[in-house]
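As a plain string of letters, each chain reads:
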Amino acid sequence: VEMFAGISYVVSENDGAPADADKHKLDLYLPRDKKNFPVLVFLHGGSWRAGDRSVYRALGDRLARAGIGVAIPSYRLMPQNPHPAQIEDAAAAFAWVAKNIAQRGGDASRIYLSGHSAGAHLAALLALDEKYLGKFGLPRRSIHGVIAMSGIYNVDTLDTFVAAGDRHDASPYAHAHSGAPPFLISYCQWDYFGLPKQARDFTRTLKKNFVAAELLYVPGENHISEVISLVQDHGLLIDTILSVVNNP
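Attention shifts here to the sheet that holds strand S2 (residues 25–30). If you walk across this open sheet you meet the 8 strands as S1-S2-S4-S3-S5-S6-S7-S8, and the pairing is mixed. Unpaired on one side and paired on the other, strand S1 (2–8) and strand S8 (213–222) mark the two borders of the sheet. Within the sheet, the average angular offset between the axes of one strand and its neighbour, ignoring direction, is 20 degrees. Along the sheet face, helix H1 (residues 57–65) touches S1, S2, strand S3 (37–43) and strand S4 (69–73) and points at about 35 degrees away from the line of S2.

With respect to the element layout, Ala-212 can be found in the loop between helix H5 (195–208) and S8. With relative accessibility at 49%, the residue Ala-212 sits in the partly exposed group. Placed 32 residues apart in sequence, Ala-212 and Ala-180 show a C-alpha to C-alpha distance of 8.3 Å. In this structure Ala-212 touches Pro-181, Pro-182 and Phe-183, once residues within four positions along its chain are discounted.

Given two aromatic rings, their pairing is described by the distance between the two centres and the angle made by the two planes. Considering all chains together, one arrives at 5 aromatic pairs under this definition. Arranged with centres 4.9 Å apart and planes meeting at 85 degrees, the rings of Trp-48 and Phe-161 form a pair that is edge-to-face. Of this pair, Trp-48 sits in the loop between S3 and H1 while Phe-161 sits in the loop between strand S6 (145–149) and strand S7 (183–190); the two residues are 113 residues apart in sequence, bridging distant segments of the chain. Phe-161 sits in the buried class, given a relative accessible area of 1%.

Tracing the sequence through the fold places Ser-150 in the loop between S6 and S7. Ser-150 gets classed as buried once you look at its relative accessible area, which sits at 1%. Within the structure, the side chain of Ser-150 is placed 2.5 Å from the side chain of Glu-226, a separation counted as a polar contact. Filtering out sequence-adjacent residues up to four positions away, Ser-150 remains in contact with His-116, Ser-117, Ser-186, Tyr-187, Cys-188, Asp-191, Leu-195, His-223 and Glu-226.

Inspection of the secondary structure assignment puts Glu-221 in strand S8. Although Glu-221 is buried, it forms no salt bridge, and the closest oppositely charged side chain is Arg-62 at an N-O distance of 13 Å. Beyond its immediate stretch of four places on either side in the chain, Glu-221 contacts Cys-188, Gln-189, Trp-190, Glu-226 and Ser-229.

Let us look at the pairing of S6. Counting buried residues in S6 gives 5 out of 5 residues, a clear majority hidden from the surface. Burial along S6 is two-sided: Gly-145, Ile-147 and Met-149 facing one way and Val-146 and Ala-148 facing the other are all buried. Pairing geometry for strand S5 (residues 106–116) and S6, over 5 bridges, is parallel. The residue bridging His-116 from the neighbouring strand is Met-149, located in S6. As defined by bridge partners, S6 adjoins S7 across 4 bridges and the pair is classed as parallel. By the bridge assignment for S7, Val-146 is matched with Phe-183.

What counts as what
- Residues numbered from 1 in each chain as written.
- Predicted model: local features only at pLDDT ≥ 70, side-chain atom pairs only at ≥ 80, totals over all residues.
- Heavy atoms only, no water.
- Pairing = 2+ DSSP bridges.
- Helix = DSSP H or I, 4+ residues; strand = E, 2+ residues; numbered from the N terminus.
- Axes fitted to C-alpha atoms, helices over the stretch in contact; angles between N-to-C directions.
- Contact = heavy atoms within 4.5 Å.
- Buried < 20%, exposed > 50% of the residue type's maximum accessible area, 1.4 Å probe, protein only.
- Phe/Tyr/Trp six-rings, centres within 6.5 Å; stacked < 30°, edge-to-face > 60°.
- Polar contact = N/O pair within 3.5 Å; in protein donor to acceptor, adjacent residues only side chain to side chain.
- Lys, Arg positive; Asp, Glu negative; His and termini not counted.
- Salt bridge = Lys/Arg side-chain N within 4 Å of Asp/Glu carboxyl O.

Here is the structure:
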């Protein structure tokens, strides 16, 4: 595995204050001596208020050893930075990968977007609301597929979600319409209260709007152990992810 840390994905000095500079970086994990490998962009969780790319080195290493290029960005956090700061950063990070990964051996036509918890919310919103990638001249279908793990897809009444504008517009379910990339949506046995229902309702909403969506129930895991399990050699969730990404 080749690891490249702290790559800036900011394209404009107007994309945040100088104090946000470290949050506007991503780490790359690439399979050594491979070409045309699929790529996964992973957005971390933490209730939009905590978390950092540095926590997920083991995940990047695990997937790169399996032949997948991985980009793990940081992003600005609430409450200091209300929505849409997080999704704007996610869009900028994805755009950097889309425009640069081929130079590093990746297949730019097979970039998957994934996230856990708050990161799953961001991944889903980026894949459904065209305006964020549109800023970078990218269509939603530049995302080859979405893997959303234990996410929040309706933030309409979520007081902990700090938004500068309309919370409804920040809810992925409000933007479900045809033409979106396919989704794999997971939730686990001992997930946080309400998240299993969010996953089931969101999957139904996508299907009603002609978006391909698969729902995966992960037994024996809780909200935190679910993402930790991804570094294992085998398990239902990691095996499913590898199958999705390696078999386009």
